[in-house]
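Inside the fold
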Amino acid sequence: MSKSKPEARIEAYTHPAAGWGALKQVAINLIRERVPGGNYRTLLKQNQPDGFDCPGCAWPDREHASTFEFCENGVKAVAAEATSKRVTPEFFAQHTIAELMLQSDFELEGHGRLTDPMVYDAASDKYVPISWDAAFALIARHLHALDDPNQAAFYTSGRASNEAAFLYQLFVRLFGTNNFPDCSNMCHEPTSRGLPKTVGIGKGTVTLDDFEHCDTMLIFGQNPATNHPRMLGELREVSRRGATLVSINPLRERGLERFASPSHPAEMLTGSSTPICSVFIRPKLSGDFALIKAVAKRVLELDDDAVASGAPRVLDLGFIEEHTTGFDDFAADLRAENWDTLIEESGVPRDDIEQLTSIYVKGERVICTWGMGLTQHRQAVPAIQMLSNLMMMRGNIGKRGAGLCPVRGHSNVQGDRTMGIEEKPSKAFLDRLGKVYAFEPPREHGYDVVETIQSMLEDKVKVFVALGGNFAIATPDTPRTWEALQSCALTVQVTTKLNRSHLVHGKDALILPTLGRTEIDVQAGVAQGVTVEDSMSMVHISYGMNKPASTNLLSEIAIVARMAEATLGSAKADWAGYTNDYAKIRDAIEQVIDGFHDYNARVAKPGGFHLGVASRERVWKTASGKAQFIAHAVDLDTPIHRARARYGERLMTLMTTRSHDQYNTTIYGQDDRYRGVFGQRRVVFAHRDDIAMLGLSNGDWVDLTSVWDDGIERRADRFRLVEYDIPRGCLGAYYPETNPLVPLESFAIGAGTPASKSIPVLMTRSSGTLVAQPYFPD
């Protein structure tokens, strides 16, 4: 692979999101990955009823007649899987782990598909080939050697299918633990923990049909053009029919300004685009909760004014009285709240709050969507519950064209949770699982991601198995996470491509290569399909189209089943039968999990089926049987408040974010073109007044140090300072490069999600040029 680097430059991008720029990148990625021409046809089957589900984001598919239903980043994901480049045993024979550690994540990704199972050899510091049987026997030996099943943890990526996830949780619970750290812990866990207490279930209440009927959309903490680009097609249609769209985000993201749709020739040929959001509200980092509470307070005041004047009520009293409880206490809390506090803590001027409130109360059918800009904060759970409160005030849950719409990241992260990938499983789920498989499941809650890392550091977890993902760089507090992984007796990575987690490993380590979503999966002579659940609770089937990258790959399902059989035997589950026929797994899911009746028949229909979401039907699975208003105070004693009291205006709040050329931890390139960054990733965005206040200049090299009270120095050095339109006191930079700044102990209260959007830091002029970065080398 070429070591030449693209020119590093900062240059304003003046074009709309998508458009010709996206098509250019599609071509570049297909060429760079050396995708065989015959595999280009794969793109025409992406997100189609008779094709495969995109291995990227979890945005739902439409039943459509268009010739394609893919986006730029979806093509990048498919190209990465369909590449003709290979990482063979010969590749590993040529490189020690120490040598590979010097390569960037972009370089590691670029080597191509893994072809054979490999085991770490400490004597040579290399991975060497191992047979599949020997690999599973090694796993079983390590698991049997543990004093307690809770000394093992089993991570899950959102790319795992429903079938693989179900077998995985069955295997692990039969083994005896609920230690299921998963990628949801790092992104939408506040949604999963917050909504059940307000509306009874931790899922959204809308479908794509509601987008056709809403008149207002409030979009919190999202950058759809990068993170779920197909959403822009829906937003385009909502905007073109006259609905009001509002972006609520510290950054004005290009995709929410204007969008040129590649699937609409008129826009492409004329160079035109569609405006998306007409209003941009800019809270400071960690200001979302105070902003939402301010809008709710203003809604209540407007209702009080209406009562006084005899005008129509602003509140939906019918909905509140019939469907909710706790409103009086909630209203009393709002009335007692101080306006100056809400304005200061939100960072939003009173006039903007008034404008946002006016838009909300004029809407008859309002959808609120949100991403990780709302979830990766200390007060993320209260923020989501406050958003639920706000929507209930006007009955915007459970009616057509309105509702709550959390937009999940990875393609099946919601489905994995539905399948039981959950460190805090419900009693009802465990009861059903135990009854079907005739065993007593473990009842003690397990470890989430943060708890798993802490437990490794304390020598409580000795075996770590990852079903996909890139744990070493997706997680916070990078040096401590790496120390934790390296302390394990065994680490196992089920994966398609080389990544950093294969290099940061336990004393024994396995790389188990698996089929990708795009590849044909034949078992017992029959092509198998797997199912996924999207962000809007639609379940559909996915069939690969491409020849497997190697004859020595196993499916995720086969890997899980053979690992289970090697460890537990087959007395409780027919692992071989499940491997040979995935329909049998779906039959088992139907017995254990509500909503999956006639699973195989319903998923065979084009488009699949919708899992019932009770709150969408105004059925509230809460203790009271009603939706619950929950009052929350503004927290004025956070780590950021304490650090600011010590450092004054020099204290900045940093958010980690993706560049446009990455998806989660996968780095596809060095550009973030919508933000005007090319050929580089070590940049930090700052307001020009903050740059001047700190005695710095645009383009300077700076070091970042996080402020925490545990005596651990956390640094990320040598970032290029970029003047950017971001609120005062706030900084933005890419992850994983800034993950070393996130303390393990900094997480959403009640959810455990790392507070990666509200990191208290100091920014100083760089002390000098580094020869090599200790983490994430360029």
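Quick note: structure is the one above.
The structure reproduced in this document is the subject of the present report. All values derive from a computational prediction rather than experimental measurement.

1. Structural notes on the pairing of strand S32 (residues 730-734)
With five of five residues buried, S32 lies mostly within the body of the structure. Neither face of S32 is open: one carries Cys-730, Gly-732 and Tyr-734, the other Leu-731 and Ala-733, and all of them are buried. Of the pairings in the sheet, the one linking strand S25 (residues 652-657) to S32 comprises five bridges and is parallel in character. Bridge pairing in S32 links Thr-653 to Cys-730. By the bridge criterion, three bridges tie strand S29 (residues 683-686) to S32 in an arrangement that is antiparallel. Bridging from a neighbouring strand, Phe-685 pairs with Gly-732 of S32.

2. Description of the pattern of salt bridges
Where charged atoms from two side chains of opposite charge approach closely, those side chains can pair. Inspection of the entire model under this criterion finds 51 salt bridges. We note a salt bridge from Arg-236 to Glu-237, for which the minimum N-O separation is 2.7 Å. Note that Lys-293 and Asp-333 form a salt bridge whose closest N and O atoms lie 2.7 Å from each other. In this pair, Lys-293 is assigned in helix H13 (residues 288-309) and Asp-333 in helix H15 (residues 327-336), connecting sequence segments 40 residues apart. Classification of Asp-333 as partly exposed rests on a relative accessible area of 22%. One network of salt bridges, with partners in common, ties together Asp-182, Glu-189, Arg-193, Arg-417, Glu-422, Glu-423 and Lys-424.

3. Remarks on the sheet that holds strand S21 (residues 530-533)
Pairing is antiparallel in the open sheet, where three strands are placed in the order S21-S22-S23. In the strand order of this sheet, the two ends are held by S21 and strand S23 (609-610), each with one partner. Inspection of the sheet shows strand S22 (residues 538-542) paired to S23 by two bridges, in the antiparallel sense. By the bridge assignment, Val-539 is partnered in S23 with Phe-609. Of the strands in this sheet, S21 and S22 touch helix H7 (residues 162-175), which is tilted by about 90 degrees from S21.

Cut-off values and rules
- Residues numbered from 1 in each chain as written.
- Predicted model: local features only at pLDDT ≥ 70, side-chain atom pairs only at ≥ 80, totals over all residues.
- Heavy atoms only, no water.
- Buried < 20%, exposed > 50% of the residue type's maximum accessible area, 1.4 Å probe, protein only.
- Helix = DSSP H or I, 4+ residues; strand = E, 2+ residues; numbered from the N terminus.
- Pairing = 2+ DSSP bridges.
- Salt bridge = Lys/Arg side-chain N within 4 Å of Asp/Glu carboxyl O.
- Contact = heavy atoms within 4.5 Å.
- Axes fitted to C-alpha atoms, helices over the stretch in contact; angles between N-to-C directions.

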